[in-house]
Amino acid sequence: MSTYQWTAILAITLVFIGGILTGCGWMADADRIVVARVGDEVIRREDLQNVLREMMPEERPIIRTRDDLLDVLEEHVDRKMKDKLVDIHEGSEEVHVPRELAAQRFDALFPEYRRYIMYGDQMELSPADVAFFETEREFRIDRMQRDMLGDAAIMFRLRQAVEAGELTVSEEELEEAYEERRDDLVNLETIVFDGIVFPGEVEGASTLATGAYERLREGEDVSALAAEYAAAGTGFPLSSELQNDPRTQDRFRTFWQQASGAEAGDILGPIAIRDWEVALIDDQNRVSSRPIPQAFLVCEVIESSPARPMTLDEARPLLEESVLYEKKKEQLYEEFGVEIYPEQLPDPAGFTEEGPRSVFDETPRHSPMQ
């Protein structure tokens, strides 16, 4: 083969490879489009993809529109800004969140982690699986503590600004915020109850709960009955106030299936409950929590109030804090050089079933020519 022929083949090969690399670069370039900045740090589309990928399933939002992506981006930017604030105020008395408090919040939001750790052997999890959940729980608690420290740092800065007279809220701003959020400003349905919990591991827990329910229906005192079961070691008393909050819907669904619309004096149960937490206070007023993995609850409604819209006066404290918080966040954005470019975000609505899965697809799934 002549030198010319080898040169021609090499040239064609290089052109072919160059075309492929250009195509790959097209994808890479799109992923590297800058969508925000925090000081000298840039945030690209690919960073936002990683944020979504690393979210826990319970946290990950459904992304249908560019606005959905913008919400995720703003939350990510806020976290980075809060991290910088935490570094500035590290060790200060004004910005302090005990790790135990972060652990309690994490376990309340994601109770399955502690359940896997405590009852992994009963659930036939391997020691490696249990160790994974232990490590992941510790990591997530650390992250939650830092998030809470960030919130505390912003609130500290906010109090400083308000006390110095640098931030104020006018009545007009409050009324405008009230009109914008009117549909979300609701006094949630609330029930106060006294009850008895029968842990699922107690033999015959369901039968015991049914018996307690019948005795309460016949007029027996709930406190005396709870003391009786506690003395026998088959149940324990529980007094609580619960709000029918959509954010905790999954955990308290079985409760509200019976309790919604109940009135004072009504007897409820037996209610199968799972992943509840009981607050415990010792002799020195130290607060801890006790998980209730699975149990039956029987209770008497002490007070109840239905859901209703908030008036402006009722919503005033929430609205004042919200407006002031947004104002302070704008100041912090300027302080830390935060810039967000919504127009640089991809449009999820543009990715339809009609298009190719990637640039490497030879043809779309449904060719318009067919």
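Residues numbered from 1 in each chain as written. Predicted model: local features only at pLDDT ≥ 70, side-chain atom pairs only at ≥ 80, totals over all residues. Heavy atoms only, no water.

1. Some remarks on the overall build of the chain
Check the secondary structure of the chain and you find eleven helices and nine strands. Within the chain, the fraction of its 370 residues that count as buried is 34%. With an accessible surface of roughly 23,200 Å², the chain has 51% of that area assigned to carbon and sulfur atoms. (Helix = DSSP H or I, 4+ residues; strand = E, 2+ residues; numbered from the N terminus. Buried < 20%, exposed > 50% of the residue type's maximum accessible area, 1.4 Å probe, protein only. Areas by Shrake-Rupley, 256 points an atom, 1.4 Å probe, with all protein chains shown as cover.)

2. A few points about the confidence of the model for the chain
A residue-level look at the chain finds 84% of positions with pLDDT of 70 or above and a mean pLDDT of 85. Low pLDDT, under 50, characterises residues 352-370; the predicted model gives this stretch 14 contacts beyond four residues in sequence or across chains. (pLDDT = per-residue confidence, 0-100. Contact = heavy atoms within 4.5 Å.)

3. Digging into unusual backbone geometry
In this structure, the amide linkage connecting Gly-269 to the following residue, Pro-270, adopts the cis form with an omega of -20 degrees. Here Pro-270 is to be found in strand E6 (residues 267-281). You will see that Glu-124, though not glycine, has its phi angle at about 60 degrees, which is positive. Secondary-structure assignment places Glu-124 in the loop between helix H5 (112-119) and helix H6 (127-163). For Glu-124, a relative accessible area of 74% translates into the label exposed. Phi is positive for Asp-275, which is not a glycine, with a value near 65 degrees. Its location among the elements puts Asp-275 in strand E6. For Asp-275, a relative accessible area of 16% gives the class buried.

4. Looking at a negative patch on the surface
Together, Glu-58, Glu-59, Asp-67, Asp-71, Glu-74 and Glu-75 line one region of the surface with negative charge. Here Glu-58 shows up in the loop between helix H2 (45-54) and helix H3 (66-88). (Patch = residues over 30% accessible without salt bridge, like charges linked within 9 Å, V, L, I, M, F, W, Y side chains within 5 Å. Salt bridge = Lys/Arg side-chain N within 4 Å of Asp/Glu carboxyl O. Lys, Arg positive; Asp, Glu negative; His and termini not counted. Charge placed at Lys NZ, Arg CZ, Asp CG, Glu CD.)

5. Looking at the nonpolar core
The biggest cluster of nonpolar side chains holds 39 residues, and the ones touching the most others in it are Ile-43, Leu-73, Val-77, Met-81, Phe-106, Val-338 and Leu-345. At the level of secondary structure, the elements contributing two or more residues to this core comprise strand E1 (34-38), H2, H3, helix H4 (99-109), H6 and helix H11 (312-335). The dominant element in this core, judged by the number of residues it contributes, is H6, at nine residues. Ile-191, Leu-242, Phe-255 and Trp-256 belong to the second largest nonpolar core, which has 21 residues in total. (Core = buried A, V, L, I, M, F, W, Y, C linked by side-chain atoms within 4.5 Å.)

6. Observations regarding the packing of H2 against H3
Closest axis-to-axis distance for the H2/H3 pair is 10 Å, and the angle between their directions is 90 degrees. It follows from the interaxial angle that H2 and H3 lie roughly perpendicular. Contacts from Leu-48, Val-51 and Leu-52 in H2 reach Leu-69, Val-72, Leu-73 and His-76 in H3. Along the lines of polarity and charge, the residues of the contact of H2 with H3 split into six nonpolar, one polar and no charged. (Axes fitted to C-alpha atoms, helices over the stretch in contact; angles between N-to-C directions. Parallel < 35°, antiparallel > 145°, perpendicular 65-115°, else oblique. Nonpolar A, V, L, I, M, F, W, Y, C, P; charged D, E, K, R; others polar.)

7. A few points about the environment of Leu-185
Secondary-structure assignment places Leu-185 in the loop between helix H7 (171-181) and strand E3 (186-187). Along the primary structure Leu-185 and Leu-318 are separated by 133 residues, whereas in three dimensions their C-alpha atoms are 9.1 Å apart. Setting aside chain neighbours within four positions, we find Leu-185 in contact with Tyr-178, Pro-309, Met-310, Ala-315 and Leu-319.

8. Things to note about the sheet that holds strand E2 (residues 41-44)
Strand pairing in a sheet relies on backbone hydrogen bonds. The paired strands run either parallel or antiparallel. The three strands are arranged E2-E1-E9 in an open sheet whose pairing can be described as antiparallel. Single-partner strands in this sheet number two, and they are E2 and strand E9 (338-340). The sheet shows a mean angle of 20 degrees between the axes of neighbouring strands, taken without regard to direction. Bridge count for E1 against E2 is four bridges, and the pairing is antiparallel. Each bridged residue has a counterpart across the sheet, and for Val-34 the counterpart in E2 is Arg-44. (Pairing = 2+ DSSP bridges.)

9. A short note on the packing of aromatic side chains
Taken as a whole and assessed by the stated rule, the structure comprises ten aromatic pairs. Look at Phe-132 and Phe-133: their rings are 5.3 Å apart centre to centre, the planes differ by 70 degrees, and that puts the pair in the edge-to-face class. Among the residues examined, Phe-132 registers a relative accessible area of 47% and is labelled partly exposed. For Phe-133, a relative accessible area of 16% puts it in the buried group. Aromatic pair Phe-252 and Trp-276: ring centres 5.0 Å apart, planes at 65 degrees, arrangement edge-to-face. In this pair, Phe-252 sits in helix H10 (residues 249-259) while Trp-276 sits in strand E6, placing the two residues 24 residues apart along the sequence. (Phe/Tyr/Trp six-rings, centres within 6.5 Å; stacked < 30°, edge-to-face > 60°.)

10. Re the pattern of salt bridges
For the coordinates displayed, the defined rule picks out 25 salt bridges. Its salt-bridge partner being Glu-228, residue Arg-215 comes within 3.0 Å of it at the nearest N-O pair. On the criterion of sequence distance, the pair formed by Arg-215 in helix H8 (residues 205-217) and Glu-228 in helix H9 (residues 222-232) is long-range, its members being 13 residues apart. Linking Glu-314 and Arg-308 is a salt bridge whose minimum nitrogen-to-oxygen distance equals 2.6 Å. Residue class for Glu-314 comes out partly exposed when judged on its relative accessible area of 32%. Within the structure, one salt-bridge network assembled from shared partners comprises Arg-79, Asp-83, Asp-87, Arg-143, Arg-146 and Asp-147.

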